[in-house]
Amino acid sequence: MSEMTRLRLPQFSLRQRIFFAMVTGALMVYLVAGWAIMNRISDAFNLRASMESQSKAKLAEQFYRQQEDQLAHTAHFLAGMTLVNTGVSSNDGSLIAAESSRLRKSTQLNEDDSILIYDNQGKLLYSDLKPAPKRPGAAVLAVLKGSELLGSDLDVIAGQPSLIGVSAIQVGGKREGVVAVVRPFDRRLLNAIEAQTGSPCFIFDASGHLLGTSSGVTAWPAVALPAAPHGSAAHPAALASATATSNASTSSNVYLMPLFNNEWNLVGTMAFYRSTREMRSSQFTVQGLFLALLFAAFLVSATIAWLFSRMIAKPIQQLALATDEIASGQYDHPITVRGSDEIGHLTIAFERMRRRIREATAALTDEKARSEAEAAVVNAVLNATNDGIMMVDSQRHLRVINQRWAGMFGLNTAALHGVLADDLHYQLSLLMDEPEKFREASRALLEDSSRYVLDEEWVQRSPESRYLRRFSAPVRAADGSVIGRVFVYANVTREHEADELKQALLSTVSHELRTPLATIKGYARTLLLEDWDVDTRRDFIHIIDEEADKLSELVGNLLDLSKLEAGVLQIQRQPVRLDALLRRVIGRQHDPKQTHVYRVELPGDLPLTWADPRRIEQVVENLIENSTKYSQGGEIMIRARDQGDFVEITVQDHGQGIPQDFAERIFERFYRMDNRLTRETGGTGLGLSICRGLVEAHGGRIWVKETSSRGTTIAFTVPVLTSRIDETPPSPSNTVPVTLP
């Protein structure tokens, strides 16, 4: 695994996933629907504000047109007055002034209205406007030219946008001049417009500078002023609708009315402002109420989704729990069936499956128990046999091996199951004396499925040296088909050893018995043939006696060997003083012809031993005899020392020694090293083997303690009496059976 940390996403249950899916879907629907409805609400309020703006603009435009018509008719009224006609005809402005004062008092003229009278040449005859305009307006010029009798215009007079009503003065059917009534856009007019529209009114010049306001306000609010159309390209019919705007961010409703003269030049702009805060507050209230309802609906949907997910997930969770129980081997918990929908049908099918699995499992368990019992019997039989057994199937894979086979070849059985037979026989061949021949023979058996082998013999070298006899036969099923092959390996080492023992025994008996018998026979016949003197006869009889002792010793060794082999050799234990026993053995070794010196080295506190004194003497005598036989003179040292539970006895000589490789084999039956000294001394090779059997029968051991070219030391141990105080006192026969290893 790389060093980079891997993020693990949280695992959600089915119920959570269904709930999240439904809630997410509902949330998306509510978000889309809410966004659309909120926009519709906002659009509705914006439309309402726009409609109000359009309505205000139309009212302002109607009032503006009414003012134009009123001023034109006022001018027409003045043009028809006698004093005005007389004043124009006589070019007397005082008459017009007197009539103007009277008209103001009669409220036919506003206080802010001004009268201008021109002659038919466009010369100003009268003006109560200070300062008087220097040139007639476009409407005045149009009436003077005869295009109209009445007219209206808008112009900047004295720096103030003003309405002008114009009418021709007819005297005797002849046009003598023009009357113009000027009404500036002052507070009076703006207040009148505010009364009509219900919104504060503002007047701006053509450059956008504020010139006046209605009485309700003193300054333009802190909102952006929409751009008014400029130039002469605009048409009066589009003035109000083109300039009405609504600003939701500042909660304001602004609409403009551009003021043009008859030449379509922008003279000024009337602006109307009305706060839409209450309208926006209503809008936000409606939207908030809608959001609250939307949130409540979402909570209801989430609750329904939770209940629905629980309704769907709970039976599935029960099925999952039941599945886990079945997977763990529990089949006794029924599932409650609820509903007749698809999940209910699934639950019914699952419950039916659970019962069938329980029945099938019970049957399989019983069958498995019977099979295991039969397999246990078969395995017990296989493991109880003394032969190594293995079986391979028809595909040459190892299927069966018993414990004896595994122990015989020292292989790990767990790692061998299913291995190919060719590979296994290759491993076995490495343990054999003839590996190539073993592999070829095994391969031939595997390739010929019908072949039987009864008595193949092989020599195994590892892990132990032994002789093996192999039996192999095909394994057939009930229908006769071959399903594998069995190999049986029998350990026939004891049979070979028995044959070798027989051969060795025959060779030894034929040689070792013949020699003393021939000597006894020869000397006895010699004594019978001639009359020998007493000394010569005594020498012959002494030789016959010695050879008879040798023959008796050989027969005794053979008897002891046979008893050890049969396991019937008896030892009679009793407390024994080893110091006295060793001195007795050394005393019997006195021979004037011997060149050896025997010494005994014993500690003063040597404990009593629990042994058969005759058998221990036999062991010591055999060891001393071997040391005497295989060493040419010198000292033979016998020592004993306390080793706790045992007393160790050693016999040391100064002979040629025993090679280290043969240190253990000298205790085998009939084994003798092949060298000059052994050939000269002769012997059966049974002495040390019998010594080992006797020592081990006492619970001790015997071994080559030290060996070199300067001599050999052989040691053995005998149990002390104090370590045997818990034993049952010996019976009157005081015998113990002994078996030679």
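These numbers were taken from a predicted model, which means no experiment stands behind them. (Residues numbered from 1 in each chain as written. Predicted model: local features only at pLDDT ≥ 70, side-chain atom pairs only at ≥ 80, totals over all residues. Heavy atoms only, no water.)

**Observations concerning the nonpolar core**
No. 1: Membership of the largest hydrophobic core comes to 35 residues, with the highest contact counts inside it found for Leu 623, Ile 624, Ile 638, Ile 649, Ile 702 and Phe 716.
No. 2: Every element with two or more residues in this core is listed here: helix 15 (578–587), helix 16 (613–629), strand 20 (634–642), strand 21 (646–652), helix 18 (687–697), strand 22 (702–708) and strand 23 (711–719).
No. 3: In this view, Phe 716 contacts Val 619, Val 620, Leu 623, Val 647, Glu 648, Ile 649, Val 695, Arg 701, Ile 702 and Trp 703; residues no more than four positions away in its chain are not counted.
No. 4: Ranked by size, the runner-up nonpolar core spans 34 residues in total, among them Ala 57, Leu 78, Val 181 and Ile 203. (Core = buried A, V, L, I, M, F, W, Y, C linked by side-chain atoms within 4.5 Å. Buried < 20%, exposed > 50% of the residue type's maximum accessible area, 1.4 Å probe, protein only. Helix = DSSP H or I, 4+ residues; strand = E, 2+ residues; numbered from the N terminus. Contact = heavy atoms within 4.5 Å.)

**Topic: the packing of helix 15 against helix 16**
No. 1: Where helix 15 meets helix 16, the closest approach of the two axes is 10 Å, and the angle between their N-to-C directions is 50 degrees. When the interaxial angle is binned, helix 15 and helix 16 end up oblique. For the crossing formed where helix 15 meets helix 16, the hand is right-handed. Between helix 15, through Leu 578, Leu 581, Leu 582, Arg 584, Val 585 and Ile 586, and helix 16, the contact on the second element is made entirely by Pro 613, Ile 616, Glu 617, Val 620, Glu 621 and Ile 624.
No. 2: For the contact of helix 15 with helix 16, the per-class residue count stands at 9 nonpolar, no polar and 3 charged. (Axes fitted to C-alpha atoms, helices over the stretch in contact; angles between N-to-C directions. Parallel < 35°, antiparallel > 145°, perpendicular 65-115°, else oblique. Left-handed = near helix turned anticlockwise from the far one by under 90°. Nonpolar A, V, L, I, M, F, W, Y, C, P; charged D, E, K, R; others polar.)

**Section: the sheet that holds strand 13 (residues 453–460)**
No. 1: An order of 12-11-15-14-13 is seen for the 5 strands of this open sheet, with the pairing classed as antiparallel. Two strands bound the open sheet, and with one partner strand each, they are strand 12 (398–401) and strand 13. Averaged over all pairs of adjacent strands, the angle between their axes in this sheet comes to 25 degrees, without regard to strand direction.
No. 2: Across 3 bridges, the pairing between strand 11 (residues 388–393) and strand 12 is antiparallel. Counted as the bridge partner of Met 391 is Val 400 from strand 12. (Pairing = 2+ DSSP bridges.)

**Some points on the packing of aromatic side chains**
No. 1: Tallied over the entire structure, the rule returns 3 aromatic pairs.
No. 2: Taken together, a centroid distance of 5.3 Å and an interplanar angle of 85 degrees make the contact between Phe 409 and Tyr 489 edge-to-face. Placement of the pair is Phe 409 in helix 9 (residues 403–409) and Tyr 489 in strand 15 (residues 482–491), with a sequence separation of 80 residues. Neither Phe 409 nor Tyr 489 differs from the other in exposure class; each is buried.
No. 3: Look at Phe 438 and Trp 458: their rings are 5.3 Å apart centre to centre, the planes differ by 80 degrees, and that puts the pair in the edge-to-face class. Of the two residues, Phe 438 sits in helix 12 (residues 435–447) while Trp 458 sits in strand 13, which places them 20 residues apart along the sequence. (Phe/Tyr/Trp six-rings, centres within 6.5 Å; stacked < 30°, edge-to-face > 60°.)

**Considerations on a nonpolar patch on the surface**
No. 1: A contiguous nonpolar surface patch, about 280 Å² in accessible area, is contributed by Leu 27, Met 28 and Leu 31.
No. 2: Assessed through its relative accessible area of 34%, Leu 27 is described here as partly exposed. (Patch = residues over 30% accessible without salt bridge, like charges linked within 9 Å, V, L, I, M, F, W, Y side chains within 5 Å. Areas by Shrake-Rupley, 256 points an atom, 1.4 Å probe, with all protein chains shown as cover. Salt bridge = Lys/Arg side-chain N within 4 Å of Asp/Glu carboxyl O.)

**A few points about the side chain of Gln 460**
No. 1: Relative to the elements of secondary structure, Gln 460 occurs in strand 13.
No. 2: Among the polar contacts made by the side chain of Gln 460, one reaches the main-chain carbonyl oxygen of Met 408 at a distance of 3.0 Å.
No. 3: Gln 460 has contacts with Met 408, Phe 409, Leu 431, Met 432, Ser 465, Arg 466 and Leu 468, leaving out every residue within four places of it along the chain. (Polar contact = N/O pair within 3.5 Å; in protein donor to acceptor, adjacent residues only side chain to side chain.)

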